[in-house]
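Chain and residue survey
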Amino acid sequence: MIVRWGLDALPEVCAESGLTEPLLVASPRWELPIAARARWSEVPSERIDDAAAQAQGGVIALGGGSAIDLGKAISAAAGVPLVSLPTTYAGAEWTTYYGVRDPERKMRGGGTGAHPAGIVYDAELTLDLPREPTVGTAMNALAHCAEALYVQGHNEDADEHALAGARLIAEWLPRVVEAPRGLAARTELLRGACHGGAALGGSGLALAHALAQTIGGRYGLPHGTLNGICLPPVLRWNAQWVPEAVQRFADVAGDVEQLAALGGTTRLHQLGVPREDLPELAEAAAGRPGNQANPRPATASEIEELLRSVW
């Protein structure tokens, strides 16, 4: 993966990644100082084939996880390289798999086979990110760090990124919440998310993400905020099976619930998740790959208990 910092590096990264007259995937609010063959502004979108028909020169995805997942879906469909410019801390830029959502953010499928070739980070793109998505996507990055330490695919290299990322996120997220337009703090938080993404790319997802993906895909809810809600109970549950890994994470991340509370939403009922849906959600989450890659996969009844603890 080619990783550079600063928007001025974008032309060089595109050239190194093999992009020529690329399709720009970005919501209407974003402008980009590079020539693009065409632009796709419906983000998210399930019209992947229509977008892929315009992407023969490659794809640039500018935005949060929805834009980058869409860029990955287009990259996979067209068989072309992707360069991502993240505007949140979600970390989607590091993986080849993606979810497909409609414009109402309901899950409509997903897949793998994207061709991520480059990433350009610039903290100035995050300066106007509101508090809730700032905290939510940072908690998503923190979940990447936690799960990398104990997922079945964990390894030494990913562990190193996970610990570095967790340390940075825990230190700088409160400072960003306190002074949202502080460029230095935003830069360090973005560095933490970068490490989290690298940890994710080198290992995989586990149970907390299985819960967040299931609930978010069902109701069109923010993935990062759901990770902030789901990670704490999952950490407590996984401490039964991998106490050393969970403790390593706690030693650098501190109080995860306190960090999640910075976003203001800490319970599922605050997001409108119906209590009566919890058994069905638990059953669906139990079958997700993230749960199967957990140190010990949880049963549907165990997951239901976890969900009830944060409802």
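Predicted model, so just to flag it, every value in this text is computed and none were measured. Numbers given for residues are sequential positions, taken from 1 along each chain in its written order. Reporting in this predicted model follows two pLDDT cut-offs: at least 70 for local features of residues, and 80 or more for side-chain atom pairs to be given and counted; totals over whole chains, interfaces and linings ignore these cut-offs and use all residues. Each side-chain value is worked out from all heavy atoms of the structure, with water and hydrogens disregarded.

The secondary structure listing takes helices from DSSP runs of H or I that are at least 4 residues long and strands from runs of E that are at least 2 residues long, numbered from the N terminus. If you trace the backbone, T187 turns up in helix α6 (residues 183–202). Each residue is placed in one exposure class: buried if its accessible area under a 1.4 Å probe, protein chains only, is under 20% of its type's maximum, exposed if it is over 50%, and partly exposed if it falls in between. Relative accessible area serves as the criterion here: at 17%, T187 is assigned to the buried category. Throughout this description, a polar contact denotes any pair of N or O atoms lying within 3.5 Å of each other; where both atoms belong to protein, one of them has to be capable of donating a hydrogen while the other can accept it, and for residues adjacent in sequence the pair is counted only when both atoms sit in side chains. A polar atom in the side chain of T187 sits 2.8 Å from the backbone oxygen of L183. Residue contacts are counted whenever heavy atoms from the two residues lie within 4.5 Å of one another. Contact partners of T187, with chain neighbours within four places excluded, come to W5 and A123.

So, on to the sheet that holds strand β5 (residues 82–86). Strands are treated as partners if at least two bridges between them are detected by DSSP. The parallel open sheet is built from six strands, whose spatial order is β1-β8-β5-β4-β2-β3. Strand pairing shows two members of the sheet lacking a second neighbour, β1 (2–5) and β3 (38–40), which therefore form its edges. Adjacent strand axes in the sheet meet at a mean angle of 20° when their direction is disregarded. When β1 meets strand β8 (residues 116–121), the two strands line up parallel, connected through four bridges. Bridge pairing links V3 to I119 in β8. Packing against the sheet, helix α3 (residues 65–78) makes contact with β2 (23–25), β3, β4 (59–63) and β5, and its axis sits at approximately 165° to β4. To obtain an axis, a line is fitted to C-alpha atoms, over the contacting stretch when the element is a helix, and the angle between two such axes runs from 0 to 180 degrees between their N-to-C directions.

Turning next to the environment of L163. Within the fold, L163 resides in helix α5 (residues 156–178). Given the relative accessible area of 17%, L163 is considered buried. The spacing of L163 and L23 is 140 residues in sequence and 35 Å in space, taken between C-alpha atoms. L163 has contacts with L149, R248 and V252, leaving out every residue within four places of it along the chain.

A separate point is the packing of helix α7 (residues 207–219) against helix α11 (residues 278–286). Between α7 and α11, whose axes approach to 9 Å, the crossing angle comes to 125°. Put simply, α7 runs oblique to α11. Like other packed secondary-structure pairs, α7 and α11 cross with a definite hand, here right-handed. Across from A210, L211, T214, I215, R218 and Y219 in α7, the residues of α11 making contact are E280, L281, A284 and A285. All residues other than Ala, Val, Leu, Ile, Met, Phe, Trp, Tyr, Cys, Pro, Asp, Glu, Lys and Arg, Gly among them, are scored as polar; the first ten of these are nonpolar and the last four charged. In terms of residue class, the contact of α7 with α11 is made up of seven nonpolar, one polar and two charged. For classification, angles of less than 35 degrees are called roughly parallel, those exceeding 145 degrees roughly antiparallel, those between 65 and 115 degrees roughly perpendicular, and all remaining angles oblique. Each helix crossing is assigned a hand: it is left-handed if the near helix lies turned anticlockwise from the far helix by less than a right angle, otherwise right-handed if that turn is clockwise.

This next bit is on the pattern of salt bridges. By salt bridge we mean one thing: a side-chain nitrogen of Lys or Arg within 4 Å of a carboxyl oxygen of Asp or Glu. Summed over all chains, the structure comprises 15 salt bridges. Here R175 ties to E171 by a salt bridge, and the two come within 3.3 Å at their closest N and O atoms. On the criterion of helical spacing, the pair formed by R175 and E171 is a turn pair, its members being four residues apart in helix α5. The class of R175 is partly exposed, set by a relative accessible area of 40%. Note that R218 and E280 form a salt bridge whose closest N and O atoms lie 3.5 Å from each other. You can see R218 sitting in helix α7 and its partner E280 sitting in helix α11, a full 62 residues away along the chain. When salt bridges with common partners are traced through the structure, they connect R4, E12 and E16 into a single cluster.

Quick look at the packing of α11 against helix α13 (residues 300–309) now. Packing of α11 against α13 leaves a shortest axis separation of 8 Å and a crossing angle of 125°. The angle between the axes of α11 and α13 places the two elements in the oblique class. α13 is crossed by α11, and the crossing has right-handed handedness. Residues L278, P279, L281, A282, E283, A285 and A286 of α11 pack against A300, I303, E304, L307 and R308 of α13. Partitioned by chemical class, the residues of the contact of α11 with α13 number nine nonpolar, no polar and three charged.

Without other data, these values stay purely geometric and don't point to any function.
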